[in-house]
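Architecture and fold: a report
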Amino acid sequence: MPLYEGIGLTEKQAVVIDIGAAYTKFGFAGESGPRCIVRTEVKCPETKQVKKVLNYSSKEDLYDLLVEFIHTLYFRHLLVSPKDRRVVVVESLLCPTLFRETLAKVFFRHFEVSSILFVPSHLVSLCTLGVSTALILDVGYVEAVLIPVFEGVPVLHAWQAQPRAAQAVESSLKALLLNENSEKEDFPDSTIEDIKVRTCFVTSFNRATQLEAVQPPPDVVYREGGTDTFCIPGKVREAVHEVLFEQDNDQTSISTMILDAIIKCPIDMRKALAENILVIGGTAMVPGFKARLRDELKHLVQQPKYASRLALKTFKFHKPPAKENYVAWLGGAIFGGTDVISTRSLTKEAYVKHNKVPDWADLSYNCWEEKMSL
Ligand SMILES: Nc1ncnc2c1ncn2[C@@H]1O[C@H](COP(=O)(O)OP(=O)(O)OP(=O)(O)O)[C@@H](O)[C@H]1O
Ligand SMILES: [Mg+2]
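Note on numbering: residues in each chain are counted from 1, in written sequence order. In the order they appear in the text, chains get letters beginning with A and ligands get numbers beginning with 1. Local features are withheld for residues below a pLDDT of 70 in this predicted model, meaning they are given only at 70 or higher, and side-chain atom pairs are given and counted only at 80 or more; totals for whole chains, interfaces and linings count all residues. No hydrogens and no water enter the side-chain calculation; it runs on all heavy atoms of the structure.

**Regarding the side chain of Glu224**
Strands are runs of DSSP state E lasting at least two residues, helices are runs of H or I lasting at least four, and both sets are numbered from the N terminus onward. You can see Glu224 is positioned in strand β12 (residues 220-224). Polar contacts involving the side chain of Glu224 include one to the side chain of Lys184, which spans 2.9 Å. With residues up to four places along the chain from it excluded, the contact list for Glu224 reads Lys184, Pro188, Thr191 and Phe230. The definition of a polar contact used here is a pair of N or O atoms within 3.5 Å, where within protein one atom must be able to donate a hydrogen and the other to accept one, and adjacent residues in sequence count solely through side-chain atom pairs. Contacts were defined at the residue level, with two residues in contact if any of their heavy atoms lie within 4.5 Å.

Dropping the structure here:
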């Protein structure tokens, strides 16, 4: 915390928020980790039902959910007043316009924050490494999204996204467990996630090619709610993450996303990108994930489909200075601690005057005269 905060000699520290489909990371700029990582959901005061913030039905519904959710974040987790504090929002480049506009409305109109700085998650993740070129793969909850960044500029036409992340793993685990435990009718999502994180892993490339033939790892007895126990077979523990790496009908998987993105980039970028891969997102924290990805890449690049188009031999991975699930948040916290926060933020005055959030995908903000007049 700045020494003289509260008596107006320095500006109050900005808050940094990364709203993920499963978990939201929230904390102060300039700190090394978020103050809290909480589920992106709110409990309805009347019905006591838990609702995911991203499962909104309309703009008004999203507004109400965000007000409730962000209120909890400020007043239960951070314990600071949102008024007159700057905000850094770490967002995906593919974030829907409806979501970002509603989020801006909630921050400016309801919480009266002084400014918002929207930063793209893939780009700011690079701040944590101090490099300007990398291929960033975010394997979060709903999708794995990959965007190469070259000399600080996202190579947008090479982006890749696939629904291969925690949600796919969890539904595969649920199906396998229901199959094994016929007396069970359903498993709550939180139990499935707990089983996934505590007992499952990504198997090696060699074992994956002959999963049926090899000796499975030991079974685990899982205790649910203190008394109820059931068995998680070793072969389920080993097989659930295969949905990420198995090639589908279009012959795509997480590993082909990397190679396809590299092919879409100009030749002189390719080696630099292959030697600067950064994998972020909670699903990349599963034991064995990175080793498997490296082996898959080494194998795929020798296959005829890629061997004729790519002459790459080495793939190198960066080790970020934080746990994978909050690397993007940390990037936002580093970025939010620089001068950029005062020069590039959208201020409350500008928002109230134009009632608009600048957007890179909107042509009116890519035209010089328009930009000058706003
Ligand atoms: N140590 C761990 N081992 C395995 N899985 C983990 C671990 N920690 C978190 N996860 C999983 O990572 C997922 C959440 O990752 P993350 O926080 O990156 O998602 P998100 O940012 O909410 O989603 P998205 O980026 O898709 O919007 C959860 O499903 C969680 O179970
Ligand atoms: Mg995320």
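Next comes the rest of the account.
**Re the pattern of salt bridges**
Note on definitions: salt bridges are taken to be side-chain nitrogens of Lys or Arg within 4 Å of carboxyl oxygens of Asp or Glu. One pass over the full model with this rule turns up 19 salt bridges. Asp248 is paired through a salt bridge with Arg164; the nearest N and O atoms lie 3.5 Å apart. Here Arg164 lies in the loop between β11 (160-162) and α4 (166-180) and Asp248 lies in the loop between α8 (242-245) and α9 (254-264), a separation of 84 residues in the sequence. Exposed residues in this analysis have more than 50% of their type's maximum accessible area, buried residues have under 20%, and partly exposed residues fall in between, with area computed by a 1.4 Å probe over protein chains only. Classification of Asp248 by relative accessible area gives partly exposed; the value is 32%. We classify Arg164 as buried; its relative accessible area is 8%. Among the ionic pairs, Arg207 bridges to Glu238, the shortest N-O distance being 2.6 Å. Here the residue Arg207 occupies a position in helix α6 (residues 205-208), and Glu238 occupies one in helix α7 (residues 234-239), the gap between them amounting to 31 residues. Among the charged side chains, a network of salt bridges with common partners joins Glu91, Arg100 and Asp359.

**As for the pairing of β12**
The sheet contact formed by β12 and strand β13 (residues 228-232) spans five bridges and is antiparallel. The residue bridging Arg223 from the neighbouring strand is Thr229, located in β13. DSSP-based pairing: two strands are paired if at least 2 bridges between them are found. The hairpin turn running from β12 into β13, its antiparallel successor, is three residues long, and Gly225 in that turn takes a positive phi close to 65°.

**A look at the side chain of Asp260**
Of note, Asp260 is situated in helix α9. Engagement of the side chain of Asp260 in a polar contact is seen with the side chain of Tyr306, the distance being 2.8 Å. Excluding residues within four positions of it along the chain, Asp260 makes contact with Gln160 and Tyr306.

**Here we look at the packing of aromatic side chains**
For Phe, Tyr and Trp, where Trp contributes only its six-membered ring, two rings pair if their centres lie within 6.5 Å, and the inter-plane angle classes them as stacked under 30 degrees, edge-to-face over 60, or tilted in between. Under the definition given, this model contains six aromatic pairs. Between Tyr74 and Phe111 the ring centres are 5.9 Å apart and the planes differ by 40°, which places this aromatic pair in the tilted class. You can see Tyr74 sitting in helix α1 (residues 59-78) and its partner Phe111 sitting in the loop between α2 (97-110) and β7 (115-120), a full 37 residues away along the chain. You'll find Tyr74 and Phe111 in the same group, each marked buried. An angle of 25° between the planes, with centres 4.7 Å apart, marks the rings of Phe108 and Tyr351 as stacked. Of this pair, Phe108 sits in helix α2 while Tyr351 sits in helix α15 (residues 348-354); the two residues are 243 residues apart in sequence, bridging distant segments of the chain. What makes Phe108 buried here is its relative accessible area of 4%.

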